[in-house]
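Structural description and commentary
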There are 2 protein chains.
Amino acid sequence: MNLSETEARSLLGAERVARLATADEGGRPHLVPVTFAADGDRVYIAIDHKPKTTTTGLKRLHNIERNPNVSLLADHYAEDWTALWWVRADGQASIISDSAEVAGPIELLAARYPQYRDHRPDGPVIAITVTRWSSWSAS
Amino acid sequence: MNLSETEARSLLGAERVARLATADEGGRPHLVPVTFAADGDRVYIAIDHKPKTTTTGLKRLHNIERNPNVSLLADHYAEDWTALWWVRADGQASIISDSAEVAGPIELLAARYPQYRDHRPDGPVIAITVTRWSSWSAS
């Protein structure tokens, strides 16, 4: 069954990890797991200090610069399929680089993840404006 | 650190759930959690008997028909970030509808998931030919 937008926001907001899909200018989707902080219809994702590789670290930014459409998904899997659920936030992303503008989002991220308190991200932040919440629960 | 292609295949093959990103003709990504069965560089995903809604059930098929590029991700999250890893399979998807052709893939899916043994999927199967394996592990 579909959940309400309020339930969808609440379920996503409590999750620790989600997956971010972007697409390049040729329509090829790209997918990475992300930590995030949600604030109403805005979702923030930090870029790590040290991207694992140049390709991995920058591909999502490269895509967003050329195509702002993104999709973010959190889901719950269980061997009992009556316990399955997922929440998806579709929207437009932008990249915030200005240090004054990233301060608020990084505060939200640091409040959720101790790793960000110990070591504040200093890179840009991806800011998603969610235009559609979708969700489904098996029961 | 990056893992070998063999390790990536093995990690993905053992996972119970992954996330499938497709993109529509306008380059808008779409994201859903999926059960799957991997066989070398082929990955199969069944379509449930009863799509949750018409939109949800058909959007991935609609996209694949117009744009075969897909990305499939499995990842492991833990509060201890030294335990994180992910595996991504990028490739081209096609939709198999012929009942003789879907038999093998559905056999593989039924071998992995008891729910498919109790109730065999009778819809089409998404077949992904993986052209690139990517993976990363924090330790």
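Residues numbered from 1 in each chain as written. Chains lettered and ligands numbered in written order. Predicted model: local features only at pLDDT ≥ 70, side-chain atom pairs only at ≥ 80, totals over all residues. Heavy atoms only, no water.

1. Some remarks on the sheet that holds strand E3 (residues 37–39) of chain B
Residues and elements named next belong to chain B. Taken in spatial order, the 7 strands line up as E2-E1-E5-E6-E7-E4-E3 in an open sheet, and their pairing is antiparallel. The sheet is open, and its two edges are formed by strand E2 (29–34) and E3, each paired on a single side. Each neighbouring strand pair of the sheet contributes to a mean axis angle of 30°, computed without reference to strand direction. Across 3 bridges, E3 lies against strand E4 (residues 42–46) in antiparallel orientation. Of the residues in E4, the one forming a bridge with alanine 38 is valine 43. Its contacts with the sheet put helix H1 (residues 5–14) on E3, E4, strand E5 (69–76), strand E6 (85–96) and strand E7 (125–137), and the angle it makes with E7 is roughly 120°. Lying on the sheet, helix H3 (residues 99–112) is in contact with E3, E4, E6 and E7; it crosses E4 at an angle near 80°. (Pairing = 2+ DSSP bridges. Helix = DSSP H or I, 4+ residues; strand = E, 2+ residues; numbered from the N terminus. Axes fitted to C-alpha atoms, helices over the stretch in contact; angles between N-to-C directions. Contact = heavy atoms within 4.5 Å.)

2. A word on the pattern of salt bridges
When their charged atoms lie close together, side chains carrying opposite charge are able to pair. Across all of its chains, the model carries 24 salt bridges over all chains by this definition. Among the ionic pairs, arginine 120 of chain A bridges to glutamate 107 of chain A, the shortest N-O distance being 3.3 Å. You can see arginine 120 of chain A sitting in the loop between helix H4 (114–118) and strand E7 (125–137) and its partner glutamate 107 of chain A sitting in helix H3 (residues 99–112), a full 13 residues away along the chain. Judged by its relative accessible area of 46%, glutamate 107 of chain A is partly exposed. Of the charged contacts, one joins arginine 28 of chain B and aspartate 24 of chain B as a salt bridge, the two residues approaching to 3.0 Å between their closest N and O atoms. (Salt bridge = Lys/Arg side-chain N within 4 Å of Asp/Glu carboxyl O. Buried < 20%, exposed > 50% of the residue type's maximum accessible area, 1.4 Å probe, protein only.)

3. Concerning the confidence of the model for chain A
One rule of thumb: low pLDDT means the predicted coordinates there are not for detailed reading. Averaged over every residue, the pLDDT of chain A is 92; residues scoring 70 or more account for 94%. Listed scores for the predicted complex are pTM 0.93 and ipTM 0.93. (pLDDT = per-residue confidence, 0-100.)

4. Some points on the environment of alanine 127 of chain B
Residue and element names in this part refer to chain B. As for its position among the elements, alanine 127 is in strand E7. Separated by 122 residues in sequence, alanine 127 and glutamate 5 place their C-alpha atoms 19 Å apart. With near-sequence residues (within four places) excluded, alanine 127 lies in contact with Arg42, Val43, Tyr44, Gln92, Ala93, Ser94 and Ile96.

5. A closer look at the sheet that holds strand E4 (residues 42–46) of chain A
The strands making up a sheet associate through hydrogen bonds between their backbones, and the pairing can be parallel or antiparallel. Residue and element names in this part refer to chain A. If you walk across this open sheet you meet the 7 strands as E2-E1-E5-E6-E7-E4-E3, and the pairing is antiparallel. Taken across any chain shown, the strands that pair with only one partner, and hence form the sheet edges, are strand E2 (29–34) and strand E3 (37–39). Recorded for the sheet is a direction-independent mean angle of 30° between the axes of neighbouring strands. Judged from the 3 bridges that link them, strand E1 (residues 18–23) and strand E5 (residues 69–76) form a sheet pairing that is antiparallel.

6. Considerations on the packing of aromatic side chains
In this structure the tally under the stated criterion is 6 aromatic pairs over all chains. Plain terms: the ring middles of tryptophan 81 of chain A and tyrosine 113 of chain B are 5.7 Å apart, the flat faces sit at 55° to each other, and that makes the pair tilted. One end of the pair, tryptophan 81 of chain A, is in the loop between E5 and strand E6 (85–96); the other, tyrosine 113 of chain B, is in the loop between H3 and helix H4 (114–118), on a second chain. One aromatic cluster is present, built from ring pairs that chain together Trp81 of chain A together with Tyr113 and Tyr116 of chain B. (Phe/Tyr/Trp six-rings, centres within 6.5 Å; stacked < 30°, edge-to-face > 60°.)

7. Considering the relation of the copies chain A and chain B
Placing chain A over chain B gives an RMSD of 0.0 Å and needs a rotation angle of 180°, together with 0.0 Å of translation along the axis. On the angle and the small slide along the axis, the relation comes out as a two-fold axis. In terms of proximity to the rotation axis, the leading residue of chain A is glycine 27 of chain A, whose C-alpha is 2.2 Å off the axis. The overlap is high: 100% of the interface residues of chain A also sit at the interface in chain B, so the same surface is used on both sides. (Least-squares fit on C-alpha atoms with pLDDT ≥ 70 in both.)

8. Here's the deal with the side chain of asparagine 63 of chain A
All names here are of chain A. Inspection of the secondary structure assignment puts asparagine 63 in helix H2 (residues 54–66). Relative accessible area serves as the criterion here: at 0%, asparagine 63 is assigned to the buried category. Those residues in contact with asparagine 63, other than ones at most four positions away along the chain, are Thr22, Ala23, Asp24 and His30.

9. Quick notes on the interface of chain A and chain B
With 35 residues of chain A at the contact, the number on the chain B side is 35 residues. Its largest share of buried area at the contact with chain B, chain A owes to Pro29, Leu31 and Trp81 of chain A, together 21% of the area lost on that side. Connecting chain A to chain B are 4 salt bridges. Between chain A and chain B we count 10 residue pairs in polar contact (both at pLDDT 80 or more) in total. At 6 residues, the largest contribution of residues to the side of chain A that touches chain B is made by E5 of chain A. Looking at side-chain class alone, the side of chain A that touches chain B contains 16 nonpolar, 11 polar and 8 charged residues. (Buried area = accessible area lost by both parts, 1.4 Å probe. Polar contact = N/O pair within 3.5 Å; in protein donor to acceptor, adjacent residues only side chain to side chain. Nonpolar A, V, L, I, M, F, W, Y, C, P; charged D, E, K, R; others polar.)

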